[in-house]
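Understanding the architecture of this molecule
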Amino acid sequence: MSTLPHGALALSSLDEQVLLPGTKGLPLREPLRQGAIGVQGWNVLRGDTSFPVAVLKDAALRHNLDWMRRFCERHGVTLAPHGKTTMSPQLFGAQLANGAWGITLATAAQVQIAHRFGVRRVLLANQLVGRADIAAVLDLLHGDPDFECVVLADSPAGAERLARAVRETGLARPLPVLVELGLAGKRAGCRTPEAAMAVARQVAGARGLVLAGFEGYEGLLVTSDRAADVRAVNDFLAQLTALVRAADEETLFGTPEILLSAGGSAYFDLVARGFAGVHGLSRPVRAVLRSGCYLTSDHGTYLRHIAEIEEREGAQEQGLQPALEVWSMVQSRPEPTLAILTMGKRDASYDADLPVPLYTHRPDSGASSPSTLPPGCTIFKLNDQHAYLRLPEGDPLCDSLAVGDLVGCGISHPCTTFDKWQLLLAVDEAYTVRYALNTFF
């Protein structure tokens, strides 16, 4: 019998599974063990894969993991990255190995997947209300004494549902709860600090629950007015820290440390600074950032936000790098300034911005690196399986673009690209495939 922990066995089983022809992005003609992908010698630029194909640049991933670890160390905060971004067990493992305190998740099913692959501390940053979902999380806590899960509440009704389920199942330890502070007109969360304190008092007094801290999501404050955003985010963070102090004065906390959590992927630097001064309470305060998109960044929404973070930080080093690209092939050149690509809404995100055309390459050209497309190239429309690439007139590179050429695109908002791929390929700087990563959406 293997002595490997259950999560490690589950992870190793991914490399042992057999992939069949039809696996998206792979050029399989016969079954292949996943762990053997890295020794096939496939190269995206040679056209060895199927197209479209989603790739992750290994060097950028490693850079981003290291960058965020050092950021957290510098600011004295903890990272529990939001796992819904990738839902990739291998990437969860890389984040934990690079100092993450735990993994943030959004649903009970995601918690079960993370636990299956060895994650032993989860922040469920969403209201847990369904009877079956509550039971599923409590089953994990009952069956694994080493597993920790912190959940949210934003109403007396929600807190009572949790407390009743804990009592009925006879869980031997109390369920730690964060009270969520929300924003008027936005998604879940108490609408006022007074309402949040009322829920905190109920959690603290409920048999089976324990108040662990407060939580919010400042990413809902992102607008086109960045100066106003910064003021609004700082005000929101001040409300959260005031709640922690007020609850501590009433001795409501029942955990060894107080959790204070926020931090999406746009303003996590403001969160780190806003939580830095919370000291002098009855027990230590752990500030937990939940950014998920830092890992891959992107070529759109988050690239712009990261540039602003670097400016606010006065960074002297290279910031987070885009790691995720989707490559496709020109399948039609029906008009002089139009190319139709073999990718669409089933392959790349389009909820924030459309994909960004970056590179082109002719597989049989003998060139070792792709050519950069000029700024005038834009993808202006997606169908399910087609992308419409507008080309500027008179540019020699664009004029020569032919059927069978490759086009590499960056994306905006990585969450809604990852969920379109069950398997992504990690590549080196030369676009040689090194290993595969799985997702579980």
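Criteria and cut-off values
- Residues numbered from 1 in each chain as written.
- Predicted model: local features only at pLDDT ≥ 70, side-chain atom pairs only at ≥ 80, totals over all residues.
- Heavy atoms only, no water.
- Helix = DSSP H or I, 4+ residues; strand = E, 2+ residues; numbered from the N terminus.
- Rg over C-alpha atoms; globule rule 2.2 N^0.38 Å.
- Contact = heavy atoms within 4.5 Å.
- Areas by Shrake-Rupley, 256 points an atom, 1.4 Å probe, with all protein chains shown as cover.
- Lys, Arg positive; Asp, Glu negative; His and termini not counted.
- Charge placed at Lys NZ, Arg CZ, Asp CG, Glu CD.
- Buried < 20%, exposed > 50% of the residue type's maximum accessible area, 1.4 Å probe, protein only.
- Axes fitted to C-alpha atoms, helices over the stretch in contact; angles between N-to-C directions.
- Parallel < 35°, antiparallel > 145°, perpendicular 65-115°, else oblique.
- Left-handed = near helix turned anticlockwise from the far one by under 90°.
- Pairing = 2+ DSSP bridges.
- 1 Å grid on protein atoms, 1.4 Å probe; cavity = no way out; pocket = protein on both sides within 12 Å on 5 of 7 lines; lining within 4 Å.
- Points joined across faces, edges and corners; volume = space filled by probe spheres on them.
- Nonpolar A, V, L, I, M, F, W, Y, C, P; charged D, E, K, R; others polar.
- Disulfide = S-S within 2.5 Å.
- Core = buried A, V, L, I, M, F, W, Y, C linked by side-chain atoms within 4.5 Å.
- Salt bridge = Lys/Arg side-chain N within 4 Å of Asp/Glu carboxyl O.
- Phe/Tyr/Trp six-rings, centres within 6.5 Å; stacked < 30°, edge-to-face > 60°.

Along the protein, the regular secondary structure elements total 12 helices and 20 strands. Here the C-alpha radius of gyration of the protein, 24 Å, is about what a compact globule of 441 residues would show, namely 22 Å. Along the longest, intermediate and shortest principal axes, the C-alpha atoms of the protein span 70 × 60 × 35 Å. A separation threshold of at least 6 residues defines the contact pool for the protein, and within that pool the share at least 24 residues apart is 71%. Working note: accessible area of the protein is about 18300 Å², and carbon and sulfur atoms make up 51% of it. Charge-centre separation for the protein: the mean point of 40 positive side chains lies 4 Å from the mean point of 47 negative side chains.

Quick look at the environment of Ala307 now. Here Ala307 lies in helix H10 (residues 301-313). Residue classification places Ala307 among the partly exposed residues on the basis of a relative accessible area of 41%. Considered as a pair, Ala307 and Cys72 are 235 residues apart in the sequence and their alpha carbons are 18 Å apart.

Direction vectors running N to C along helix H6 (residues 156-169) and helix H7 (residues 193-205) enclose 15 degrees, while the axes themselves pass 9 Å from each other. Looking at the two axes, H6 sits roughly parallel to H7. Of the two elements, H6 crosses H7, and the hand of that crossing is right-handed. For the pair H6 and H7, the contacting residues are Pro156, Ala159 and Glu160 in the first and Val199, Gln202 and Val203 in the second.

A few words now on the sheet that holds strand E7 (residues 148-153). Judged by pairing direction, the sheet is parallel, and its eight strands sit side by side in the order E4-E11-E10-E9-E8-E7-E6-E5 without closing on themselves. Each edge of the open sheet is held by one strand with a lone partner, namely strand E4 (78-79) and strand E5 (103-105). Where strand E9 (residues 209-215) and strand E10 (residues 258-262) come together, three bridges link them in parallel fashion. Each bridged residue has a counterpart across the sheet, and for Phe214 the counterpart in E10 is Leu260.

Roughly 650 Å³ of volume is contained in the largest pocket. Around the largest pocket, the lining is made up of 34 residues, and of these Lys84, Arg187, Tyr217, Gly219 and Tyr302 lie nearest the centre. Elements supplying a minimum of two residues to the lining of the largest pocket: strand E6 (121-127) and H10. By residue number, the principal contributor to the lining of the largest pocket is H10, which donates four residues. Each residue belonging to the lining of the largest pocket can be placed in one class, and the counts come to 11 nonpolar, 14 polar and nine charged.

The peptide bond linking Phe51 to Pro52 adopts the cis configuration, its omega dihedral lying at 10 degrees. By the secondary structure assignment, Pro52 is in the loop between strand E2 (32-33) and strand E3 (53-57). Here Met87, not a glycine, exhibits a phi torsion of approximately 45 degrees, which is positive. Of note, Met87 is situated in the loop between E4 and helix H3 (89-97). Within the chain, Ser297 stands out as a residue other than glycine whose phi angle is a positive 50 degrees.

The next subject is the state of the cysteines. Put plainly, a disulfide is one covalent bond tying together the sulfur atoms of two cysteines. Summed over all chains, the structure comprises zero disulfides. With no disulfide partner, Cys415 has as its closest neighbouring cysteine sulfur the one in Cys293, 3.8 Å distant.

The next point concerns the nonpolar core. Membership of the largest hydrophobic core comes to 110 residues, with the highest contact counts inside it found for Leu209, Phe214, Leu240, Phe268 and Leu389. One finds Val53, Leu406, Val427 and Ala436 within the second-largest nonpolar core, a separate group that totals 20 residues.

So, about helix H4 (residues 108-116). Listed as buried for H4 are Ala108, Gln110, Val111, Ile113, Ala114 and His115. Phi turns positive, to about 100 degrees, at Gly118, one or two residues after H4.

Okay, the pattern of salt bridges next. For the structure shown, the criterion picks out 26 salt bridges. The salt bridge involving Arg201 is made with Glu250; its shortest N-O contact spans 2.9 Å. Highlighted residues: Arg201 in helix H7 and Glu250 in the loop between helix H8 (226-249) and E10, separated in sequence by 49 residues. Members of the salt-bridge network, linked through shared partners, are Arg74, Asp269, Arg273, Arg312 and Glu313.

Turning our eyes to something else, we now look at the pairing of strand E18 (residues 406-410). When a strand is regular, its side chains alternate between the sheet's two faces. Within E18, five of the five residues are buried, which leaves the element mostly enclosed by the surrounding structure. Across the two faces of E18 the burial is the same, with Leu406, Gly408 and Gly410 and Val407 and Cys409 all buried. As judged from the five bridges shared by strand E14 (residues 356-361) and E18, these two strands associate in the antiparallel manner. Each bridged residue has a counterpart across the sheet, and for Val356 the counterpart in E18 is Gly410.

To continue, consider the packing of aromatic side chains. Enumeration over the complete set of coordinates arrives at eight aromatic pairs. Aromatic pair Trp67 and Phe268: ring centres 6.3 Å apart, planes at 80 degrees, arrangement edge-to-face. Residue Trp67 is located in helix H2 (residues 58-75), and its partner Phe268 is located in helix H9 (residues 268-274); the two are separated by 201 residues in the primary sequence. Note on accessibility: Trp67 and Phe268 belong to one class, buried. When the ring of Phe117 is compared with that of Phe440, the centres are 5.1 Å apart and the planes differ by 45 degrees; the resulting orientation is tilted.

So, on to H3. Within H3, the full set of buried residues consists of Pro89, Gln90, Leu91, Phe92 and Gln95. Backbone geometry just downstream of H3 places Gly99 in the positive-phi region, at approximately 100 degrees.

What follows deals with the side chain of Thr241. By the element assignment, Thr241 lies in helix H8. Judged by its relative accessible area of 11%, Thr241 is buried. With residues near it in sequence (within four places) discarded, Thr241 still touches Leu260, Gly274, Phe275 and Val278.

Right, let's get into the environment of Ala8. With respect to the helices, strands and loops of the structure, Ala8 is situated in helix H1 (residues 6-16). C-alpha of Ala8 to C-alpha of Arg116: the two residues are 108 residues apart in sequence and 9.1 Å apart in space.

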